[in-house]
Amino acid sequence: MSRPRTGEEIRSAFLAFFSERGHQVLPSASLVPDDPTVLLTIAGMLPFKPVFLGQQERPAPRATSSQKCIRTNDIENVGRTARHHTFFEMLGNFSFGDYFKKEAIQWAWELTTEVFGLDPKNLVVSVFREDDEAAEIWRDVVGIKPQRIIRMDEKDNFWASGPTGPCGPCSEIYYDFKPELGDKVIDLEDDTRFIEFYNLVFMEYNRDSSGILNPLENCNIDTGLGLERMAQILQGVPNNYETDLIYPLIEKAALIASIDYQTLDEKRKTSLKVIGDHIRAVTQLICDGVIASNLGRGYILRRLIRRVVRHGRSIGIGKPFLGEIGNVAIQLMQSVYPQLLERRDVILQELKREEARFLETLDRGEKLLEHLLEQKPQEISGEQAFELYDTYGFPLELTQEIAEEHHLTVDVLGFEKAMDEQRQRAKSATVSIDLTVQDAIAKMARDFEATSFHGYKSLRHHSTIQGLVVNGNASLQGCTGDEVQVVLDSTPFYAEGGGQIGDCGVLVGIESALGMPIVEVENVTRNGEIYIHSGVIKSGTVNIGDVVQSKVDNISRCRAQANHTATHLLQSALKQVIDPGIGQAGSLVNFHRLRFDFHSPRSITSKELKEVEQLINTWIAGSYELEIKEMPIEDAKSLGAVAMFGEKYGNFVRVVDVPGVSMELCGGTHVSNTSEIALFKIISETGIASGIRRIEAVAGLAVLDYLEERDVVVKRLGERLKAQPSEIVDRVLALQDELKCTEKALVMANQQLAITKALALSMHAVAIGDFQYLVERLDAVDGEALQAAAQKLVDHLGKHSAVILGGLPDLDDQRKVVLVAAFGSEVVASGLKAGKFIGAIAKVCGGGGGGRPHLAQAGGRDGKALDGALHLAREEIVAALT
């Protein structure tokens with residue numbers, strides 16, 4: 001049998017090898033992890049972290065997967081080294097308390113030498129310096145020469161999930177490209193000779209808070225084999241980028257740029273490698289629901305897309321190309337990740353939109369940078385570099401490159417200071433999480449059986465209190481006034497999930513001498529399989545083991561049900577009226593309204609919204625009886641049930657069917673018949689991100705709340721405007737017209753006043769040869785009026801005149817300065833440009849600006865420096881005219 005060679009063959013061979021040895025083959029998890037402590041899936045074991053930590057049941061005793069991963073912590077190395085990537089695939093085999101070191105090591109060796117056919121003389125292994133057991137297995141069982149078993153320290157060969165928790169030594173297999181150099185001096189840090197391709201983690205300890213390592217009762221195995229690295233070895237190419245996993249993308253980018261990769265210098269080869277790497281990352285990120293933005297995952301996506309565009313420009317691609325190369329990336333990976341094909345249109349639309357947006361800002365940024373360079377500064381300030389970065393998407397290194405071409409430097413320290421100030425602003429806006437409460441609840445999630453949910457059929461249920469967190473700490477008892485999180489053995493309360501808010505209600509205990517125990521439940525969430533009822537003890541005391549009657553608030557549940565079923569109808573109506581390909585990007589269902597986010601490249605017209613609303617109300621009036629069933633997920637998909645993108649589903653799912661209208665996988669609560677919704681009303685339709693629209697609406701009783709609120713507003717407006725409801729719009733329009741006329745008259749009056757003041761200053765004009773100039777301060781005049789005054793003075797003084805005026809529009813605000821320069825035609829002909837001149841003067845006040853050669857305006861932020869700026873202007877204009 002020939003050994004695997006292509007990326008697809010390597011992946012298939014790995015999974016088949018471990019499947020034959022009793023491992024359950026699991027699909028790749030999303031790049032957007034469930035773990036809130038990390039932004040993206042950065043390792044093959046991350047989806048199994050809750051299993052290793054004992055927070056979830058193991059999916060099987062043994063598992064194997066090909067997990068897509070993204071890391072951007074060393075993005076500057078991408079394309080520069082042979083094997084750094086943002087996106088990569090990690091092939092892994094895992095044991096959850098089943099086999100351990102011996103089997104893991106033997107199978108890794110068998111796979112490497114017999115399946116992949118690597119010559120043992122090309123292999124070197126590392127072990128943790130104290131792991132004699134692993135070293136002995138490699139030496140005595142596998143048969144590796146002792147001198148090719150290298151002992152390493154904790155930094156390289158000891159894995160830990162954190163300061164405390166599961167941990168253990170690891171062993172790595174390296175490929176030796178130069179075995180002829182012998183075994184006497186083996187330096188595994190020499191990446192020109194060695195490449196690590198397989199890592200075996202032996203999870204055998206639990207580190208406690210004092211740092212002591214205690215043996216685990218059940219030891220685990222976590223391994224990772226880099227697909228791209230094995231492809232480089234088996235395909236005999238000099239780096240990962242020239243494997244069949246990435247090279248077709250490099251070839252496509254080179255074709256678009258009309259260049260040949262093999263004949264390029266290293267700088268342009270690096271750009272092509274970056275494009276090949278990043279385009280894989282961005283297509284997968286968008287596929288998994290990430291939308292470009294300036295925060296979190298969205299920022300990572302935006303940064304990667306912009307790097308692709310910038311490197312494309314650097315190799316001569318002068319047109320939009322992400323859609324073209326993104327399509328090739330999808331074709332390369334769709335066989336193993338079929339969701340790429342399913343979401344192809346969404347991915348390509350997002351790439352094209354984000355590319356177009358960046359090209360616009362890039363053009364504006366280049367013009368701003370060009371203007372800065374025209375001022376012939378000593379350097380580009382940190383503030384200017386940060387503005388280019390933050391507003392126009394210019395990476396610092398791009399500004400540095402352009403500055404270097406003009407023999408200038410960039411104030412990097414100033415840039416970093418501005419960046420740090422922005423980080424601090426972002427940090428101050430974040431929401432803190434009570435880790436004490438979270439830790440107590442996490443422990444309960446590990447210790448307790450799953451909460452049994454009865455809320456589909458009943459809103460009343462007798463339950464037993466299993467766990468109690470009081471004011472942030474695990475406790476046996478809570479008293480009146482305490483904030484609590486209660487874990488019950490069973491509950492009718494729906495826990496927040498699938499976009500729907502958790503139920504509210506009360507837990508009522510048995511009356512005692514201390515009163516009737518009542519807990520007011522404000523929200524219900526889930527941690528793993530247990531339900532957390534959060535609220536306040538209104539009376540009495542509650543204890544672990546108490547039996548309580550759990551009562552869901554009926555009105556609130558009815559409101560949530562109406563809004564949730566209406567959300568399903570809304571998605572169907574949008575598909576029918578707007579586009580069958582519309583996909584959900586998120587939703588929120590609470591007691592007062594619903595919110596539905598969806599992919600759409602354009603806004604929805606008023607006519608279309610009206611049609612959507614009418615269609616939904618027609619379905620409501622049609623009294624459709626809902627059919628709700630549980631079935632295997634494959635059966636549900638074959639029936640055409642729509643899944644909420646990004647939501648995790650088990651093998652058995654709940655299908656909510658409005659016959660002939662909507663069929664979705666959903667665990668939420670719903671009405672029994674569409675007529676129970678009564679009425680549906682769209683409140684707003686807006687854009688929330690590039691290619692993402694949001695509709696907010698109300699249904700059921702919430703429509704009455706909405707109408708009553710609007711009725712109050714209309715009545716108050718009618719009283720204030722002394723108009724009937726039908727006359728309010730006309731009355732407001734008339735008032736707006738009056739206001740515009742008044743504002744226009746005020747502007748003209750201010751300009752006339754400024755001109756009158758300025759003309760009185762004309763006697764201060766100073767002659768220099770054929771020219772004359774005037775530099776004066778004129779406060780309490782806005783920029784537009786100051787421009788009009790300066791132009792009037794030039795008209796009055798003649799074509800040989802130069803007028804510079806400055807002032808504070810508001811004498812109480814020293815942070816706003818306005819400066820204006822107006823030059824006559826002969827002054828301009830002499831070579832002076834008003835925009836360039838006034839822009840340089842404004843820097844004295846901490847500002848800048850510019851405009852046309854004959855008339856320009858600038859601003860500043862330091863009013864105290866205004867007199868100094870005008871003094872400089874006087875000196876500069878005299879020198880220029882002389």
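What counts and how
Residues numbered from 1 in each chain as written. Predicted model: local features only at pLDDT ≥ 70, side-chain atom pairs only at ≥ 80, totals over all residues. Heavy atoms only, no water. Helix = DSSP H or I, 4+ residues; strand = E, 2+ residues; numbered from the N terminus. Buried < 20%, exposed > 50% of the residue type's maximum accessible area, 1.4 Å probe, protein only. Contact = heavy atoms within 4.5 Å. Areas by Shrake-Rupley, 256 points an atom, 1.4 Å probe, with all protein chains shown as cover. Lys, Arg positive; Asp, Glu negative; His and termini not counted. Charge placed at Lys NZ, Arg CZ, Asp CG, Glu CD. Core = buried A, V, L, I, M, F, W, Y, C linked by side-chain atoms within 4.5 Å. Pairing = 2+ DSSP bridges. Axes fitted to C-alpha atoms, helices over the stretch in contact; angles between N-to-C directions. Parallel < 35°, antiparallel > 145°, perpendicular 65-115°, else oblique. Nonpolar A, V, L, I, M, F, W, Y, C, P; charged D, E, K, R; others polar. Polar contact = N/O pair within 3.5 Å; in protein donor to acceptor, adjacent residues only side chain to side chain. Expected span 1.5 Å × (residues − 1). Salt bridge = Lys/Arg side-chain N within 4 Å of Asp/Glu carboxyl O. Phe/Tyr/Trp six-rings, centres within 6.5 Å; stacked < 30°, edge-to-face > 60°. Lys NZ or Arg CZ within 6 Å of the ring centre and 35° of its normal. Left-handed = near helix turned anticlockwise from the far one by under 90°. Right-handed = clockwise from strand over helix to strand, strands pointing away.

Peer 1: Hey, could you run me through the overall build of the protein in this one?
Peer 2: A count of helical and extended segments in the protein gives 25 helices and 35 strands. Each of the three principal axes of the protein carries a C-alpha extent, and together these read 100 × 85 × 55 Å. Burial statistics for the protein: of 882 residues in total, 50% are counted as buried. For the protein, restricting intrachain contacts to residue pairs at least 6 apart in sequence, the fraction spanning at least 24 positions comes to 67%. Surface accessibility of the protein: about 41,900 Å² in total, with carbon and sulfur atoms responsible for 50%. Charge separation in the protein, taken as the distance between the mean sites of 94 positive and 123 negative side-chain charges, equals 4 Å.

Peer 1: Explain the nonpolar core here, please?
Peer 2: Across soluble globular proteins, nonpolar side chains have a tendency to be buried as a group. In terms of nonpolar packing, the biggest core is built from 114 residues, with Phe 116, Trp 138, Phe 197 and Tyr 198 touching the most fellow members. When residues of this core are assigned to their parent elements, the largest contribution, 10 residues, is made by helix H12 (residues 344–374). Apart from residues lying up to four places away in sequence, Phe 197 is in contact with Thr 112, Leu 118, Leu 123, Ile 173, Tyr 174, Tyr 175, Gly 224, Leu 225, Gly 226, Arg 229, Met 230 and Ile 233.

Peer 1: Please explain unusual backbone geometry as it appears in this structure.
Peer 2: Negative phi characterises most residues that are not glycine, and trans characterises most peptide bonds. Residues other than glycine seldom take positive phi values, yet Ser 623 does so here, at roughly 50 degrees. Assignment of secondary structure puts Ser 623 in the loop between helix H18 (606–621) and strand S25 (627–632). Residue classification places Ser 623 among the partly exposed positions, given a relative accessible area of 37%. In this structure, Ala 678 takes a positive phi of about 75 degrees despite not being glycine.

Peer 1: What's the story with the sheet that holds strand S31 (residues 771–777) in this structure? I'm lost.
Peer 2: Sheet strands pair by backbone hydrogen bonding; their relative direction is either parallel or antiparallel. Ordered by their spatial adjacency, 6 strands build an open sheet running S30-S31-S32-S33-S35-S34, and the pairing between neighbours is mixed. The open sheet has two edge strands, strand S30 (766–768) and strand S34 (848–851), and neither has a second partner. Between one strand axis and the next, the sheet turns through 15 degrees on average, direction left out of account. Note that S31 and strand S32 (residues 801–807) share 6 bridges and pair parallel.

Peer 1: How should the side chain of Gln 561 be read in this particular structure?
Peer 2: Checked against the element boundaries, Gln 561 lands in helix H17 (residues 554–577). Residues contacting Gln 561, with those up to four places away along its chain left out, are Thr 669, His 670 and Val 671.

Peer 1: Looking at this model, I keep getting lost on the packing of helix H8 (residues 266–287) against helix H10 (residues 322–333). Mind explaining?
Peer 2: The relative placement of two packed helices comes down to the angle between their axes together with the axis-to-axis distance. It is the contact of H8 with H10, at a shortest axis distance of 9 Å, that shows an interaxial angle of 75 degrees. Relative to H10, H8 is oriented roughly perpendicular. Of the residues in H10, those in contact with Ile 275, Ile 279, Arg 280, Thr 283 and Gln 284 of H8 are Leu 322, Ile 325, Gly 326, Ala 329 and Met 333. For the contact of H8 with H10, a count of residues per class yields 6 nonpolar, 3 polar and 1 charged.

Peer 1: Please clarify how the environment of Glu 133 should be interpreted in this entry.
Peer 2: Inspection of the secondary structure puts Glu 133 in helix H4 (residues 132–142). Reaching out from Glu 133, the side chain makes a polar contact with the side chain of Lys 101 at a distance of 3.3 Å.

Peer 1: Would you explain helix H9 (residues 296–314) in this entry?
Peer 2: It helps to recall that an α-helix has 3.6 residues per turn; residues three or four apart then point in one direction. In this model, H9 (19 residues) spans 27 Å end to end at C-alpha, consistent with the 27 Å of a helix rising 1.5 Å per residue. Directly after H9, the chain includes Gly 316, whose backbone phi takes a positive value near 100 degrees.

Peer 1: I'm lost on the pattern of salt bridges in this one. Help?
Peer 2: Where side chains of opposite charge bring their charged atoms close, a pairing between them can arise. On inspection of all chains with the given rule, the structure shows 38 salt bridges. A salt bridge links Arg 268 to Asp 265; the nearest nitrogen and oxygen atoms lie 3.9 Å apart. The partly exposed category is assigned to Asp 265, whose relative accessible area is 40%.

Peer 1: Whenever I open this one, the packing of aromatic side chains confuses me. Can you help?
Peer 2: For any pair of aromatic rings, the description consists of the separation of the ring centres together with the inter-plane angle of the planes. Tallied over the full model, the rule gives 20 aromatic pairs. With a centroid separation of 4.9 Å and 50 degrees between ring planes, the pair formed by Phe 14 and Phe 18 is classed as tilted. Linking Phe 14 with Phe 18, this pair stays in helix H1 (residues 7–19), spanning 4 residues, or about one helical turn. Exposure class is identical for Phe 14 and Phe 18. Each is buried. Aromatic side chains Tyr 175 and Phe 177 sit 5.1 Å apart centroid to centroid with 75 degrees between the ring planes, which places their arrangement in the edge-to-face category. Judged by relative accessible area, which is 15%, Tyr 175 ranks as buried. The partly exposed category is assigned to Phe 177, whose relative accessible area is 31%. An aromatic cluster is present here, built from Phe 14, Phe 17, Phe 18, Tyr 99, Trp 107 and Tyr 198 joined pairwise through their rings. Lying across the ring of Tyr 261, Lys 269 places its NZ or CZ 5.1 Å from the centre.

Peer 1: Teacher, can you tell me more about the environment of Ile 683 here?
Peer 2: Here Ile 683 is to be found in strand S28 (residues 680–689). Those residues within four positions of Ile 683 in sequence are excluded, and the remaining contacts are Arg 593, Glu 696, Ala 697, Val 698 and Tyr 706.

Peer 1: I'm lost on the environment of Ile 578 in this one. Help?
Peer 2: Structurally, the position occupied by Ile 578 is in the loop between H17 and strand S23 (584–589). With relative accessibility at 18%, the residue Ile 578 sits in the buried group. Setting aside residues up to four positions removed in sequence, Ile 578 forms contacts with Ala 573, Arg 602, Ile 604 and Glu 608.

Peer 1: Honestly, the sheet that holds strand S26 (residues 652–658) in this entry has me stumped. Any pointers?
Peer 2: Strand order in the open sheet formed by 3 strands is S25-S26-S27, with antiparallel pairing between adjacent strands. Edge positions in the open sheet fall to S25 and strand S27 (662–665), since each of these has one partner strand only. On average, each strand axis in the sheet is inclined to that of its neighbour by 25 degrees, with strand direction left out of account. The sheet contact formed by S26 and S27 spans 4 bridges and is antiparallel. By the bridge assignment for S27, Val 658 is matched with Ser 662. Together, S26 and S27 form the strand contacts of H17, whose direction differs from that of S27 by roughly 120 degrees.

Peer 1: Just checking my understanding: could you explain the packing of helix H7 (residues 247–257) against H10 for this structure?
Peer 2: It is at 10 Å that the axes of H7 and H10 come closest, and there the two elements cross at 160 degrees. Comparing their axes, H10 and H7 come out roughly antiparallel. Considering the relative orientation of H7 and H10, their crossing is right-handed. Contacts between H7 and H10 involve Pro 248, Leu 249, Lys 252, Ala 253 and Ile 256 from the first element and Glu 324, Ile 325, Val 328, Ala 329 and Leu 332 from the second. Looking at the contact of H7 with H10 residue by residue, the classes come out as 8 nonpolar, no polar and 2 charged.

Peer 1: I keep staring at the side chain of Asp 657 and nothing clicks. Help me out?
Peer 2: Structurally, Asp 657 can be placed in strand S26. One buried charge, Asp 657, has no salt-bridge partner; the nearest side chain with opposite charge is Lys 629, at 6.5 Å. Excluding anything up to four places from it in sequence, Asp 657 contacts Glu 625, Leu 626, Glu 627, Ser 662 and Met 663.

Peer 1: Help me understand helix H24 (residues 834–842), please; the structure alone is not making it clear to me.
Peer 2: The buried fraction of H24 amounts to 7 of the 9 residues, a majority that puts the element mostly inside the structure. For H24, every residue scored as buried is listed here: Ala 834, Gly 835, Phe 837, Ile 838, Gly 839, Ile 841 and Ala 842. The inward-facing, buried residues of H24 abut S32, strand S33 (817–823), S34, strand S35 (855–860) and helix H25 (866–881).

Peer 1: Looking at this structure, I do not really get the pairing of strand S4 (residues 123–128). What am I missing?
Peer 2: It is a general feature of regular strands that their side chains alternate between the two faces of the sheet. Along S4, 6 of the 6 residues are buried, which leaves the element largely enclosed by surrounding structure. Going residue by residue along S4, you find Leu 123, Val 125 and Val 127 tucked away on one face and Val 124, Ser 126 and Phe 128 tucked away on the opposite face as well. Inspection of the sheet shows S4 paired to strand S7 (residues 165–176) by 4 bridges, in the antiparallel sense. Bridge pairing in S7 links Ser 126 to Glu 172. Relative to strand S5 (residues 149–152), S4 runs parallel, the two sharing 4 bridges. The residue of S5 that forms the bridge with Ser 126 is Ile 150. Running through H4, the crossover from S4 to the neighbouring parallel element S5 is right-handed.

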